[in-house]
Amino acid sequence: MKTERIMLETNKIEKKFGGLTAVNSVDMRVYEGETIGLIGANGAGKTTLFNMIAGFFKPSSGKITFMDKDITGLAAHKICHMGIGRTYQIVRPFASLTVVENTMVGAMIREKDVERARKRSEKILKFLGMEKRMNVVGKDLNLPELKRMEVARALATEPKLLLLDEVMAGLTPTDSAVFIELVRKIKDSGVTIIIIEHVMKAVMSLSDRIYVLNQGKLIAQGSPQEVAKSPEVIKSYLGEKSRVEKL
């Protein structure tokens, strides 16, 4: 659960692409130790918001603060070094590298010694239950394994804040249930998490608080129970997907 320490804060953050406003004046606050859910229909601006936090997009306006430091517009590698790690919706492994070598790509952001990077990567893979797949090459992994390896690579950067972008997309209910437990395990290890996810069971069970975007605007925030009962959320997102009865 949250402490009183604010880890991440966005203030009136905005991103425009020509005449399109993808993220429109979003205020978000994340406390150390929380898991924050970020939901909304496709095209709502969720990944664009992630891309600004992680330094892949420079905001058109607004401010992002991480651990009391202004990171607005900083380069992605600098933000990563400061302690923000992320996964991607589409997993793109180095197909000819093994799982441990793929994970080492993340570890080497902080550790220049190859053997120490390998040991750190092996430890993370064991933590995620992939010790038996360490020496399998990326092209031979199935989807759940690829998703785990993506998380391992992000964890290898030693994040204080981890941005998980649809890590359960395409997984079966059984595999999603396993991933829910993995996310809980990561949180329990001391990592603060923001998760974008369309698997509502996962969002509702994992999140301490939820932010809801619609067409780039923040339309609701609060506990999972509060968000699930919001008429605007039901109308714009949950109701459209006929998921209200499942919450």
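The structure under discussion appears in the preceding block.
Residues numbered from 1 in each chain as written. Predicted model: local features only at pLDDT ≥ 70, side-chain atom pairs only at ≥ 80, totals over all residues. Heavy atoms only, no water.

Q: Requested: an account of the packing of aromatic side chains, with residues and values cited.
A: Tallying each qualifying case throughout the model produces two aromatic pairs. Centre to centre, the rings of Phe17 and Phe57 are 5.5 Å apart; their planes meet at 75°, and the pair counts as edge-to-face. With Phe17 in strand S1 (residues 6–17) and Phe57 in the loop between helix H1 (46–53) and strand S4 (61–66), this pair connects stretches of sequence that are 40 residues apart. Taking relative accessible area as the criterion, Phe17 reaches 38% and is therefore assigned partly exposed. Taking the relative accessible area as the measure of exposure, Phe57 reaches 27% and is therefore partly exposed. Across from the ring centre of Phe17, 5.3 Å away, lies the NZ or CZ of Lys15, which sits over that ring. In this arrangement the basic side chain of Lys185 is found over the ring face of Phe127, its NZ or CZ atom lying 4.6 Å from the centre. (Phe/Tyr/Trp six-rings, centres within 6.5 Å; stacked < 30°, edge-to-face > 60°. Helix = DSSP H or I, 4+ residues; strand = E, 2+ residues; numbered from the N terminus. Buried < 20%, exposed > 50% of the residue type's maximum accessible area, 1.4 Å probe, protein only. Lys NZ or Arg CZ within 6 Å of the ring centre and 35° of its normal.)

Q: Describe the sheet that holds strand S5 (residues 69–70), with residues and values.
A: Strand pairing within a sheet occurs via backbone hydrogen bonds; the two strands may be parallel or antiparallel. The strand order S2-S1-S4-S5 describes an open sheet built from four strands, whose pairing is antiparallel. Each having just a single partner strand, strand S2 (20–31) and S5 make up the two edges of the open sheet. Bridging between S4 and S5 involves two bridges; their strand directions are antiparallel. Residue pairing across strands places Phe66 opposite Lys69, the latter belonging to S5. Lying on the sheet, H1 is in contact with S1, S2 and S4; it crosses S1 at an angle near 115°. (Pairing = 2+ DSSP bridges. Contact = heavy atoms within 4.5 Å. Axes fitted to C-alpha atoms, helices over the stretch in contact; angles between N-to-C directions.)

Q: Residue-level account of the side chain of Asn51, with values.
A: Here Asn51 lies in helix H1. There is a polar contact of 2.5 Å between the side chain of Asn51 and the side chain of Arg86. Apart from residues no more than four positions distant in its own chain, Asn51 is found in contact with Phe56, Phe57 and Arg86. (Polar contact = N/O pair within 3.5 Å; in protein donor to acceptor, adjacent residues only side chain to side chain.)

Q: Lay out helix H5 (residues 143–155) with the relevant residues and their values.
A: With 13 residues, H5 extends 18 Å from end C-alpha to end C-alpha; this agrees with the ideal 18 Å at 1.5 Å per step. Within H5, 11 of the 13 residues are buried, leaving the element largely enclosed by the surrounding structure. Three or more residues of H5 are buried, namely Glu145, Leu146, Lys147, Arg148, Met149, Glu150, Val151, Ala152, Arg153, Ala154 and Leu155. On its buried face, H5 is in contact with strand S6 (84–86), helix H3 (99–107), helix H4 (114–127), strand S7 (161–165) and helix H6 (173–188). Between a side-chain oxygen at the N-terminus of H5 and the backbone nitrogen of Glu145 the separation is 2.9 Å; the capping residue is Asn142. (Expected span 1.5 Å × (residues − 1).)

Q: Could you give me a rundown of the pairing of strand S9 (residues 209–214), with the residues and numbers involved?
A: Where burial is concerned, most of S9 is hidden: five out of the six residues are buried. Where strand S3 (residues 35–39) lies against S9, four bridges are found, and the strand directions are parallel. Within S9, the position partnered with Gly37 by the bridge is Ile210. Where S9 meets strand S10 (residues 217–222), five bridges bridge the pair, whose relative direction is antiparallel. Within S10, the residue paired with Ile210 across the bridge is Gly222. Hairpin connection between S9 and S10: a loop of two residues separates the two successive antiparallel strands, and Gln215 in this loop has a positive phi of roughly 50°.

Q: Give me the pairing of S1: which residues, what numbers.
A: Pairing analysis gives eight bridges linking S1 to S2, with the strands arranged antiparallel. In the sheet register, Thr10 faces S2, and the bridge partner there is Met28. Across five bridges, the pairing between S1 and S4 is antiparallel. When the bridges of S4 are listed, Leu8 appears paired with Phe66.

Q: Describe in detail the environment of Lys46, supporting the description with residues and values.
A: By the secondary structure assignment, Lys46 is in helix H1. Using a relative accessible area of 6% as the deciding quantity, one classes Lys46 as buried. Residues Lys46 and Val233, spaced 187 residues apart in sequence, show a C-alpha to C-alpha distance of 15 Å. When sequence neighbours within four positions are dropped, the list of residues in contact with Lys46 reads Leu38, Ile39, Gly40, Ala41, Ile196, His198 and Leu213.

Q: An account of the pattern of salt bridges is needed here, citing residue identities and associated values.
A: For side chains of opposite charge, pairing can occur when their charged atoms come near one another. One pass over the full model with this rule turns up 14 salt bridges. The residue Asp165 makes a salt bridge to Arg86 at a minimum N-O spacing of 3.8 Å. Taken together, the residues span a long stretch of sequence, with Asp165 in strand S7 and Arg86 in strand S6 at a distance of 79 residues. Accessibility classification places Asp165 together with Arg86 in one group, the buried group. (Salt bridge = Lys/Arg side-chain N within 4 Å of Asp/Glu carboxyl O.)

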